[in-house]
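# Geometric and topological summary
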Amino acid sequence: MQSLDGSPLGLGTRLAHETRTPFAHHGFVNTPIHRGSTVLFKTLDELEGAMRVDTRRGPYTYGLIGNPNSRELEKLCASLDGGAGAVVVESGLAAVSLPLLANLAAGDHALFTDSCYGPTRHLAQSILPRMGVTTEFYNPRIGAEITRQFRSNTKFILLESPGSLTFEVQDVPAIVGAARACNIVTAIDNTWATPLFMRPIEHGVDLVIHALTKYQSGNSDILLGAVIARDEAHWANLKHHAEAHGHYAHPDDCATCLRGMRSLEVRLKRHEASALQVAQWLESRAEVGRVLHPALASHPDHAIWRRDFTGSSGLFGCVLKPQPGGRAYLKAFLEGLRFFGMGFSWGGFESLVVSSDLRQSRVAPPWTDEGPLLRFQIGLEDPRDLISDLAQAFDCAASAAKAIRTDSNA
Ligand SMILES: Cc1ncc(COP(=O)(O)O)c(C=O)c1O
């Protein structure tokens, strides 16, 4: 889709108009939902021909392989990321496993950023080695030095930037430059930034992974994932493996996700502004050791973020200073919050928080902070309410810790 004078269309315009074909559906604004497994053929020639079609763009053949809703979502994802094509699958995690299974075989070596999402780590540590793939973690801040970890059989590098718990920003052009020189396939989990704030294909990445469950859907009510391929060959390979493994994106979920994507720009801007406000406030608190938000000048990778990203989303972390009262302090803080739910995932309209301790899992480099690591998803609430909620929860936690000290002194 183009503007009348050939200049690029604004993002809001593209999100509102791209891929929709109302007059192919009696004028209805959104594509109707096409539920179904069986697709009928009028003639034997058509049925036999269906075995030979390119299932990325030819006529529909079977519900598992594609339907008008999944194709529409694939088209929008590919367009936003600037790829040749996309494959949508049933979850963000399926979008992580698909490119691994589509590109790795027994005897290969694969590199994973140590900052990757926990279940991605599990794939690297437990599932791929069982299939004869050797895996290794690398320091997310390694940059061009990644070549030191290359072996003659290195075939794949997984990036995630920023890491969705620890928020290191990777030097994507440096890593991808090194990988391309050695014919190594690169894939990045770009869920945090969405294509609105970072477009990895422009930096040479081969495959872009999105958990559409998060910002694209925006309501915490579905699971869905997408992989976007930079070129036809990667796209065909992904589609072939998605079909072979029986991956599927339900048409209801695709339609729900498309509805979310039409308003993605305005929602993300609100998430961004509120998260920055809350992060800056947390930086001023005595209880907080450091805030992990790439758009803050205090973040060690702020310069890379400024160079490669056009915005920041609503997810960031902070490390609390070790507090007297330990777990009781943390429990009182988390349970004292009114507007932050305790739970996994992010990208919805509501604020969330989770705590973790990575000292048992991180290896490159090891995680050494003693204080708890908190991850905040800042939702669409009024940020002033979120800040006063956090302030009162810090008070609750301090009272709980004091009560424990008084009891133990009694
Ligand atoms: C960075 C990242 N990638 C992938 C996923 C997986 O998404 P899903 O929950 O849709 O499987 C998540 C989920 O939290 C995530 O945080």
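Sequence positions are assigned chain by chain, starting from 1 and proceeding in written order. In keeping with the predicted nature of the model, local features appear solely for residues at pLDDT of at least 70, side-chain atom pairs appear and are counted solely at 80 or more, and the whole-chain, interface and lining totals rest on all residues. Each side-chain value is worked out from all heavy atoms of the structure, with water and hydrogens disregarded.

## Let's talk about the domain arrangement of the protein
- The domains assigned to the protein are domain 1 (11-262) and domain 2 (264-409).
- An automatic or database domain assignment supplies the start and end points of every domain. Each of domain 1 and domain 2 was reduced to a C-alpha centroid, and the two centroids are 29 Å apart.
- Contacts are residue-level and defined by heavy atoms, with any inter-residue pair within 4.5 Å sufficient. With 42 residues of domain 1 at the contact, the number on the domain 2 side is 41 residues.
- We define buried area as the total accessible area lost by two parts upon association, computed with a 1.4 Å probe and summed across both. Summing both sides of the interface, domain 1 and domain 2 together bury roughly 3,500 Å²; the carbon and sulfur share of this comes to 61%.
- For the domain 1 face of the interface with domain 2, the top three residues by lost area are Trp192, Phe197 and Tyr215, together amounting to 25%.
- In the sections that follow, a salt bridge refers to a side-chain nitrogen of Lys or Arg positioned within 4 Å of a carboxyl oxygen of Asp or Glu. The interface formed by domain 1 and domain 2 includes 4 salt bridges.
- Two residues, Asp301 and Arg141, come together in a salt bridge whose shortest N-O distance is 2.9 Å.
- We call two N or O atoms a polar contact when they sit within 3.5 Å, provided that within protein one can donate a hydrogen and the other can accept it, with sequence-adjacent residues counted only if both atoms are side-chain atoms. There are 25 residue pairs in polar contact (both at pLDDT 80 or more) connecting domain 1 and domain 2.
- Numbering of helices and strands runs from the N terminus; a helix is a DSSP stretch of H or I covering at least four residues, while a strand is a stretch of E covering at least two. When residues of the side of domain 1 that touches domain 2 are traced back to their parent elements, those giving at least two are helix 1 (11-17), strand 3 (134-138), helix 6 (172-181), helix 7 (194-197) and helix 9 (251-262).
- Classification convention: Asp, Glu, Lys, Arg as charged; Ala, Val, Leu, Ile, Met, Phe, Trp, Tyr, Cys, Pro as nonpolar; all other residues, Gly among them, as polar. For the side of domain 1 that touches domain 2, the residue count by class is 18 nonpolar, 17 polar and 7 charged.

## Quick word on helix 4 (residues 92-103)
- By definition here, a helix of n residues has an expected span of 1.5 Å times n minus one. The end-to-end C-alpha distance of helix 4, which contains 12 residues, comes to 18 Å, matching closely the 16 Å that a straight helix rising 1.5 Å per residue would cover.
- Across the 12 residues of helix 4, 10 count as buried, placing the element largely inside the fold.
- For the exposure calls, accessible area comes from a 1.4 Å probe over protein chains only, and a residue counts as buried if that area is under 20% of its type's maximum, exposed if over 50%, partly exposed in between. Buried residues of helix 4: Gly92, Ala94, Ala95, Val96, Ser97, Leu98, Pro99, Leu100, Ala102 and Asn103, and no others.

## Looking at the packing of aromatic side chains
- When two rings of Phe, Tyr or Trp (its six-membered ring) have centres within 6.5 Å they constitute a pair, described as stacked for plane angles under 30 degrees, edge-to-face for angles over 60, and tilted for the intermediate range. In this structure the tally under the stated criterion is 7 aromatic pairs.
- Centre to centre, the rings of Trp281 and Phe394 are 6.3 Å apart; their planes meet at 35°, and the pair counts as tilted. Of the two residues, Trp281 sits in helix 10 (residues 264-283) while Phe394 sits in helix 13 (residues 383-409), which places them 113 residues apart along the sequence. Exposure class is identical for Trp281 and Phe394. Each is buried.
- Within the aromatic cluster, the residues linked to one another by ring pairs are Trp281, Phe333 and Phe394.
- Sitting above the plane of the Phe137 ring, Arg121 keeps its charged end 4.2 Å from the centroid. Charge over a ring is defined by NZ of Lys or CZ of Arg lying within 6 Å of the ring centre and within 35 degrees of the ring normal.

## Here's the deal with the site of the ligand
- Around the ligand, the structure places 13 residues, and the nearest of them are Gly92, Leu93, Asp189, Thr213 and Lys214.
- Between the ligand and Thr213 there is a distance of 2.5 Å, counted from an oxygen atom to a side-chain nitrogen or oxygen.
- The separation between an oxygen atom of the ligand and a polar side-chain atom of Lys214 is 2.7 Å.
- Per-residue and other accessible areas follow the Shrake-Rupley method at a 1.4 Å probe size, with only the shown protein chains counted as cover for residues. When the ligand is considered free in solution it has 390 Å² of accessible area, and contact with the protein chains removes 92% of it. Nearness is judged by heavy atoms alone; a residue qualifies as near a molecule or strand once a single heavy atom is within 4 Å of it.

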